[in-house]
Amino acid sequence: QVQLVESGGGLVQAGGSLRLSCATSGRIFGSYTMGWFRQAPGKDRDFVGFINGSGSYRHVADSVKGRFTISRDNAENTVYLQMNSLNPEDTAVYYCALDTSATMSRRTERYDYWGQGTQVTVSS
């Protein structure tokens, strides 16, 4: 079965940067759309962004546009979330997810596999 493992979270000061990684198992990683989501305490899991299988198309939520960038390295089976200009509102558990249907969606229901999440905490 496909396994996804996030890493790179931690505590950072407001205005700082972090890069999250999602290491993914599987032979056909390059054909999958990958998504990033986040969930703050007591709140719903929110869409952050996605990237298609080849990496030619990327989309992020308005709340992080201009600050967060998604990329992928299919040779390493890894997806990244570069987060710049972080603020306390970005504090959440961040999850990566894989869509085996090869579509691009911001809905959690379209993603078939999920990582365990990594905590990002931004202090002022």
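The structure presented is a predicted model; accordingly, all values stated were derived computationally and were not measured. (Residues numbered from 1 in each chain as written. Predicted model: local features only at pLDDT ≥ 70, side-chain atom pairs only at ≥ 80, totals over all residues. Heavy atoms only, no water.)

Caption draft 1: A look at the environment of Ser7. Within the fold, Ser7 resides in strand β1 (residues 4–7). In contact with Ser7, other than residues within four places in its own chain, are Arg19, Leu20, Ser21 and Thr118. (Helix = DSSP H or I, 4+ residues; strand = E, 2+ residues; numbered from the N terminus. Contact = heavy atoms within 4.5 Å.)

Caption draft 2: How the structure looks around the pattern of salt bridges. Summed over all chains, the structure comprises three salt bridges. The salt bridge involving Arg67 is made with Asp90; its shortest N-O contact spans 2.8 Å. Pair noted here: Arg67 is in the loop between β6 (58–60) and β7 (68–73) and Asp90 is in the loop between β8 (78–83) and β9 (92–99), with a separation of 23 residues, a long-range link. Of the two residues examined, Arg67 and Asp90, each falls in the buried class. (Salt bridge = Lys/Arg side-chain N within 4 Å of Asp/Glu carboxyl O. Buried < 20%, exposed > 50% of the residue type's maximum accessible area, 1.4 Å probe, protein only.)

Caption draft 3: Quick look at the sheet that holds β8. If you trace the four strands from one edge of the open sheet to the other, you get β1-β3-β8-β7, paired in antiparallel fashion. Of all the strands in the sheet, just β1 and β7 have a single pairing partner and so form its edges. On average, adjacent strands in this sheet sit at an angle of 15° to one another, irrespective of strand direction. By the bridge criterion, six bridges tie strand β3 (residues 18–24) to β8 in an arrangement that is antiparallel. Along β8, the bridge assignment pairs Ser21 with Tyr80. (Pairing = 2+ DSSP bridges. Axes fitted to C-alpha atoms, helices over the stretch in contact; angles between N-to-C directions.)

Caption draft 4: The pairing of β8, seen in detail. Extensive coverage of β8 is indicated by the burial of five of its six residues. Across six bridges, the pairing between β7 and β8 is antiparallel. For Phe68, the partnering residue across the bridge sits in β8 and is Met83. Two successive antiparallel strands, β7 and β8, enclose a turn made up of four residues, where Asn77 displays a positive phi of approximately 55°.

Caption draft 5: The arrangement of the environment of Thr103 in detail. You can see Thr103 is positioned in the loop between β9 and β10 (113–114). Through-space distance from the C-alpha of Thr103 to that of Met34 is 9.4 Å; in sequence the pair is 69 residues apart. Those residues in contact with Thr103, other than ones at most four positions away along the chain, are Thr33 and Arg110.

Caption draft 6: Examining the nonpolar core more closely. With 25 residues, the main nonpolar core has Trp36, Phe68, Leu81, Met83 and Tyr94 as its most contacted residues. Among the secondary structure elements, those contributing two or more residues to this core are β3, β4 (33–39), β5 (45–51), β7, β8, β9 and β11 (118–123). Ranked by residue count, the leading element in this core is β9, at four residues. When residues no more than four places from it in sequence are discounted, the contact partners of Met83 are Gly16, Ser17, Leu18, Leu20, Arg67, Phe68, Tyr94 and Val120. (Core = buried A, V, L, I, M, F, W, Y, C linked by side-chain atoms within 4.5 Å.)

Caption draft 7: Main features of the packing of aromatic side chains. Tallying each qualifying case throughout the model produces six aromatic pairs. Centroid distance Phe37 to Trp114: 5.0 Å. Interplanar angle 50°. Geometry classified as tilted. With Phe37 in strand β4 and Trp114 in strand β10, the pair connects residues that are 77 residues apart, well separated along the chain. Judged by centre distance (6.3 Å) and plane angle (65°), the rings of Tyr111 and Trp114 are edge-to-face. By relative accessible area, which is 4% here, Tyr111 ends up buried. Taken together through their ring pairs, the aromatic side chains of Phe37, Phe47, Phe50, Tyr57, Tyr111 and Trp114 make up a single cluster. Directly above the ring of Tyr95 sits Arg45, whose terminal nitrogen or CZ lies 4.1 Å from the centroid. Over the aromatic face of Trp114 sits the side chain of Arg45, whose NZ or CZ is 4.8 Å from the ring centroid. (Phe/Tyr/Trp six-rings, centres within 6.5 Å; stacked < 30°, edge-to-face > 60°. Lys NZ or Arg CZ within 6 Å of the ring centre and 35° of its normal.)

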